[in-house]
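Summary of structural features
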Amino acid sequence: QMNEMAGGGTSSEAKEDKLDKTIDWVQEHLLGQGEQNNESASEQFKDEQISDFLRRGYKNTTGSEFFVKDK
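Sequence order as written defines the numbering, with residues in each chain counted from 1. Given that the model is predicted, a residue must reach a pLDDT of at least 70 before its local features are reported, and side-chain atom pairs must reach 80 or more before they are shown or counted; all residues, however, enter totals for whole chains, interfaces and linings. Note that the side-chain values use all heavy atoms of the structure and ignore hydrogens as well as water.

**A closer look at the overall build of the protein chain**
In terms of helices and strands, the protein chain carries four helices and zero strands. Walking the protein chain from its N terminus toward its C terminus, one meets helices and strands in the order α-α-α-α. Here's how the labels work: a residue is buried when its accessible area is under 20% of the maximum for its type, exposed when over 50%, partly exposed in between, all with a 1.4 Å probe on protein chains only. Taken over 71 residues, the protein chain has a buried fraction of 28%. When contacts within the protein chain are restricted to residue pairs at least 6 apart in sequence, long-range pairs at least 24 apart make up 53% of them. Summed over all atoms, the accessible surface of the protein chain reaches about 5100 Å², with 57% contributed by carbon and sulfur. Put simply, DSSP H or I for four residues or longer makes a helix, DSSP E for two residues or longer makes a strand, and each gets a number counted from the N terminus. When checking whether two residues touch, look at their non-hydrogen atoms; a contact exists if any pair is within 4.5 Å. For the accessible areas, the method is Shrake-Rupley and the probe is 1.4 Å, while residue cover comes only from the protein chains on display.

The structure is reproduced here in structure tokens:
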């Protein structure tokens, strides 16, 4: 319950955008980091930092916003 109050848990997982879900998939299936469907608040924060980095890089490279809207 404390994890969900801090922004983690399954309810927060449901609010992720497609880029965040793709990052979870890569972590689980390619990097072998285990299931990503009930992450702690700190893990979700890390994933958000990764997606923000990717969005900035995409915009700096192409001049356009990333095609998946951030939630």
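This is not the end of the story, as more comes after the structure.
**Thoughts on the side chain of Arg-55**
Mapped onto the elements, Arg-55 comes out in helix H4 (residues 41-62). On the basis of relative accessible area, Arg-55 is assigned to the buried category, the value being 12%. Polar side-chain contacts of Arg-55 include one of 2.4 Å to the backbone oxygen of Val-68. In this structure, Arg-55 is in contact with Asp-17, Leu-19, Phe-66, Val-68, Lys-69 and Asp-70, ignoring residues within four places of it in sequence. Within 3.5 Å is the distance limit for a polar contact, defined as a pair of N or O atoms, with the added protein rule that one can donate a hydrogen and the other accept it, and that residues adjacent in sequence qualify only through two side-chain atoms.

**Looking at H4**
Expected helix span is taken as 1.5 Å per residue step, with the number of steps being one fewer than the number of residues. In this model H4 runs 31 Å from its N-terminal to its C-terminal C-alpha over 22 residues, within 8% of the 32 Å that 1.5 Å per residue would give. For H4, the set of buried residues is Ala-41, Gln-44, Asp-47, Ser-51 and Arg-55. Projected down its long axis, H4 shows its buried positions confined to an angular sector of 120°, all on one face. Of the exposed residues in H4, the ones pointing more than 90 degrees away from its buried face are Ser-42, Phe-45, Phe-53, Asn-60 and Thr-61. Phi for Gly-63, located one or two positions after H4, is positive at around 85°. An arc is given here, and it is the one of the directions from the helix axis to the C-beta atoms.

**Here's the deal with the pattern of salt bridges**
Whenever a carboxyl oxygen of Asp or Glu lies within 4 Å of a side-chain nitrogen of Lys or Arg, that contact is scored as a salt bridge. With the rule as written, the count across this model stands at four salt bridges. One salt bridge in this structure joins Arg-55 and Asp-70, with 3.9 Å as the shortest N-O distance. Of this pair, Arg-55 sits in helix H4 while Asp-70 is found in the segment after H4, placing the two residues 15 residues apart along the sequence. Take Asp-70: its relative accessible area is 40%, and that puts it in the partly exposed class. Across the pair Lys-59 and Glu-65 runs a salt bridge whose closest N-O atoms are separated by 2.5 Å.

**Looking at a nonpolar patch on the surface**
A cluster of nonpolar side chains, contributed by Trp-25, Leu-30 and Leu-31, occupies part of the molecular surface with about 360 Å² of accessible area. Note on placement: Trp-25 falls in helix H3 (residues 18-30). In this structure Trp-25 comes out as partly exposed when scored by relative accessible area, which is 46%. Within the patch definition used here, like charges are joined within 9 Å and nonpolar side chains (Val, Leu, Ile, Met, Phe, Trp, Tyr) within 5 Å, considering only residues with over 30% relative accessible area and no salt bridge.

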